[in-house]
Amino acid sequence: MADQNNLFKYLLRLGDNALVLSHRLSEWCSRAPLIEEDLALTNFSLDMIGRAQALLKYAGEVEGKGRTEDDLAYKRAERQFYNHLVMELPNGDFAFTMARQLLVSAFECLLFEALSNSKDETIAAIAAKTLKEVKYHRAHAEDWVIRLGDGTEESYQRMQHAVNALWMYTGELFEADEVDAELIREGIAVDQNSLRPQWQEYIGQVLTEAKLQVPADGYMQTGSRKGIHTEHLGHILSEMQYLQRAYPDATW
Amino acid sequence: MVTTAYTREEIMGYLSEIADPEIPVLTIEEIGMLRDVLITEKGYEIILTPTYTGCPAMGIIEEDIERLLAEKGVGPVTVKLVYAPAWTTDWITDAAKEKMRKYGISPPEHSSCSQAFSVGSSVSCPKCGSADTQLVSRFGATACKALYKCNSCKEPFEHFKCH
């Protein structure tokens, strides 16, 4: 029997990753450079909000205190969020958004493929469903990274700058703490560090095709597994949670 | 308590009338979202699976189910979302695909879902049938569709993505 608290934390982490990046991408709505990209980014966002809903609903059931997915999304404080820092970074320019999407979606393809074999049936089901969606996200991001990297001088500069700026947030994706260790033993979670070689190989191939330099691994940002975030998450939450904070339990 | 007894087939029969809010020529049964009806001591449990996890039509469909069954005097009803097995366009019947095509949406191909997105796939125009078509946008008005245009008759159209 898995320690329910570990499972709860793990589900929050998976759910928060989807929720926070979903919110970020939704900020592109009506602001993308092309209408097709407006549709693409908001469609990504929609997939992620669906994933967050499923995972946080299950987290609430595992916790057993009667909290719904909405309670978990709208009524937790910043330090109780466990999303990777890369998810909360501001969108930057279009190159930054697409570079992040490539790095994240490539990781998620590997993660959800592995989690589709989780011994936890609900996680396995959500993972199998999600895998189809994240493959589509990855394909789209890959196209843009290549098109912009191997594009004009300006698009190349912007894409290389984005990849360089994002790189120090990629180490955290592969970290593991005691929650992971316990759930890996139970066959529920995946050893994320074991996904790293495949991720690096794939990212290396795409960046090379895009005529971009693969940044050297240096200092890596960390903190999310302890609920420690960049200054950006608080601002996201102040907007996302505004209504439920101002009018608790409001419905319409 | 269940006051009037209905069979699983009767309930499935009622529910098979409910149209997909996004593609009203198809029902939730034809598209593969209606999975099962379980009859327990607590009442009727309707098992649905979403096409895409974030599909906003799910809420509307749940309400449609509850309203329809309430009108028929069926109760108590609960609607349960399941994710496994994951929905696939392979569950859409050929007859439903033909309806979709007549409605102006190019239907998904069979059993090609292992490819997340294949640019070389042959999407044919729902108006003139030409295979000379071009992808305009991978994403359309709903999560399940992409935008194409026909190079023969110049008609822009939606393609229900293989999933």
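This one's a predicted model, so the numbers in the text were calculated from it and none came from an experiment.

Undergrad: I tried to follow the overall build of chain A on my own but got confused; where do I start?
TA: A tally of helices and strands in chain A yields 11 helices and 0 strands. Ordering the α and β elements of chain A from the N terminus gives α-α-α-α-α-α-α-α-α-α-α. A compact globule built from 252 residues should have a C-alpha radius of gyration of about 18 Å, and chain A, at 18 Å, falls within 12% of that. Taking the contacts inside chain A whose residues are at least 6 apart along the sequence as the reference set, 80% of them involve residues at least 24 apart. Side-chain charges of chain A comprise 25 positive and 39 negative groups, with the mean position of each set lying 3 Å from the other.

Undergrad: Even after reading the chapter, I still don't get the pairing of strand S7 (residues 156-160) of chain B, so can you show me in this structure?
TA: Side chains on a regular strand alternate between the two faces of the sheet. All names here are of chain B. Judged from the 2 bridges that link them, strand S4 (residues 105-106) and S7 form a sheet pairing that is parallel. Pairing of Ile105 across the sheet is with Glu158, part of S7. Strand direction decides the pairing type here: strand S6 (residues 145-150) and S7, joined by 5 bridges, are antiparallel. Each residue of the ladder has a partner; that of Ala146, found in S7, is His159. Hairpin connection from S6 to S7: 5 residues lie between these consecutive antiparallel strands, with Lys154 at a positive phi of about 70 degrees.

Undergrad: Even after reading the chapter, I still don't get the packing of helix H1 (residues 4-26) of chain A against helix H2 (residues 35-63) of chain A, so can you show me in this structure?
TA: To characterise two packed helices, one gives the angle between the axes of the helices and the distance between these axes. Residues and elements named next belong to chain A. Across the interface, H1 lies against H2 with an axial gap of 7 Å and an inter-helix angle of 160 degrees. On the basis of their axis angle, the class for H1 and H2 is roughly antiparallel. Every pair of crossing elements has a handedness; the one defined by H1 and H2 is left-handed.

Undergrad: Looking at this structure, I do not really get the pairing of strand S2 (residues 43-48) of chain B. What am I missing?
TA: All names here are of chain B. Of all 6 residues in S2, 5 are buried, a share of seventy percent or more. As paired elements, strand S1 (residues 34-40) and S2 share 6 bridges and run antiparallel to each other. Bridge pairing links Leu38 to Glu45 in S2. The hairpin turn running from S1 into S2, its antiparallel successor, is 2 residues long. Here S2 pairs with strand S3 (residues 77-81) via 5 bridges, running parallel. Opposite Glu45, over in S3, you have Thr78 as the bridge partner. As for the winding sense of the linkage, the β-α-β connection from S2 through helix H2 (residues 57-71) to S3 is right-handed.

Undergrad: What is the right way to read H2(A) from this model?
TA: Owing to its 3.6 residues per turn, the α-helix aligns residues three or four sequence positions apart on the same side. Taking 1.5 Å per residue as the helical rise, H2(A) with its 29 residues ought to reach 42 Å, and the 41 Å between its terminal C-alpha atoms agrees with that figure. Immediately downstream of H2(A), the backbone of Gly64(A) shows phi near 75 degrees, a positive value.

Undergrad: Is there a simple way to explain the sheet that holds S3(B) in this structure?
TA: Residues and elements named next belong to chain B. Ordered in space as S1-S2-S3, the 3 strands form an open sheet in which the pairing is mixed. Each edge of the open sheet carries a strand with a single partner, namely S1 and S3. Taking the axes of each pair of neighbouring strands and ignoring which way they run, one obtains an average angle of 20 degrees across the sheet. Against the sheet, helix H1 (residues 8-15) contacts S1 and S2, and its axis sits at roughly 140 degrees relative to S1.

Undergrad: When you look at the interface of chain B and chain A in this model, what are you seeing that I'm missing?
TA: Interface size, as often reported, equals the accessible area lost upon joining of the parts. Taken together, the contact pairs 25 residues of chain B with 20 residues of chain A. On the chain B side of the interface with chain A, the three residues burying the most area are Thr53(B), Arg138(B) and Phe139(B), jointly 35% of the side's total. Where chain B packs against chain A, one counts 1 salt bridge. Between Asp143(A) and Arg138(B) there is a salt bridge, with its nearest N and O atoms 2.9 Å apart. Counting across the interface, chain B meets chain A through 9 residue pairs in polar contact (both at pLDDT 80 or more). Only strand S5 (133-137) and S6 of chain B provide two or more residues apiece to the side of chain B that touches chain A. For the side of chain B that touches chain A, the per-class residue count stands at 14 nonpolar, 9 polar and 2 charged.

Undergrad: Please explain the layout of surface pockets as it appears in this structure.
TA: What the largest pocket holds in volume is close to 1600 Å³. Mapped by element, the contributors of at least two residues to the lining of the largest pocket are H1, H2, helix H3 (69-74), helix H6 (121-149) and helix H11 (242-246) of chain A together with H2 and S3 of chain B. If one sorts the elements of the lining of the largest pocket by residue count, H2(A) sits on top with 10 residues. A breakdown of the residues in the lining of the largest pocket according to their chemical character gives 24 nonpolar, 11 polar and 10 charged.

Undergrad: Any chance you could explain empty space enclosed by the protein here in plain terms?
TA: In this approach, a probe sized like a water molecule rolls over the atoms, and the result shows the empty space that is left. Residues and elements named next belong to chain B. Scanning all chains against the criterion turns up 4 cavities of 30 Å³ or more. Put simply, the largest cavity is a space of about 50 Å³. Around the largest cavity sit Asp20, Glu22, Ile31, Met33, Thr51, Cys55, Ala57, Cys144 and Phe160, which together line it. Of the residues assigned to the lining of the largest cavity, the class counts are 6 nonpolar, 1 polar and 2 charged.

Undergrad: What exactly am I supposed to notice about the side chain of Lys161(B) here?
TA: Mapped onto the elements of the fold, Lys161(B) is located in the segment after S7. For the buried Lys161(B), which has no salt bridge, the nearest side chain bearing the opposite charge is Asp47(A), at an N-O separation of 6.8 Å. Side-chain polar atoms of Lys161(B) contact the backbone oxygen of Arg138(B), separated by 3.4 Å. Ignoring sequence-local partners within four residues, the contact set of Lys161(B) consists of Tyr136(A), Tyr52(B), Thr89(B), Pro108(B), Arg138(B), Phe139(B), Ala143(B), Cys144(B), Lys145(B) and Ala146(B).

Criteria and cut-off values
- Residues numbered from 1 in each chain as written.
- Chains lettered and ligands numbered in written order.
- Predicted model: local features only at pLDDT ≥ 70, side-chain atom pairs only at ≥ 80, totals over all residues.
- Heavy atoms only, no water.
- Helix = DSSP H or I, 4+ residues; strand = E, 2+ residues; numbered from the N terminus.
- Rg over C-alpha atoms; globule rule 2.2 N^0.38 Å.
- Contact = heavy atoms within 4.5 Å.
- Lys, Arg positive; Asp, Glu negative; His and termini not counted.
- Charge placed at Lys NZ, Arg CZ, Asp CG, Glu CD.
- Pairing = 2+ DSSP bridges.
- Axes fitted to C-alpha atoms, helices over the stretch in contact; angles between N-to-C directions.
- Parallel < 35°, antiparallel > 145°, perpendicular 65-115°, else oblique.
- Left-handed = near helix turned anticlockwise from the far one by under 90°.
- Buried < 20%, exposed > 50% of the residue type's maximum accessible area, 1.4 Å probe, protein only.
- Right-handed = clockwise from strand over helix to strand, strands pointing away.
- Expected span 1.5 Å × (residues − 1).
- Buried area = accessible area lost by both parts, 1.4 Å probe.
- Salt bridge = Lys/Arg side-chain N within 4 Å of Asp/Glu carboxyl O.
- Polar contact = N/O pair within 3.5 Å; in protein donor to acceptor, adjacent residues only side chain to side chain.
- Nonpolar A, V, L, I, M, F, W, Y, C, P; charged D, E, K, R; others polar.
- 1 Å grid on protein atoms, 1.4 Å probe; cavity = no way out; pocket = protein on both sides within 12 Å on 5 of 7 lines; lining within 4 Å.
- Points joined across faces, edges and corners; volume = space filled by probe spheres on them.

In short, shape yes, function no, at least from these values alone.
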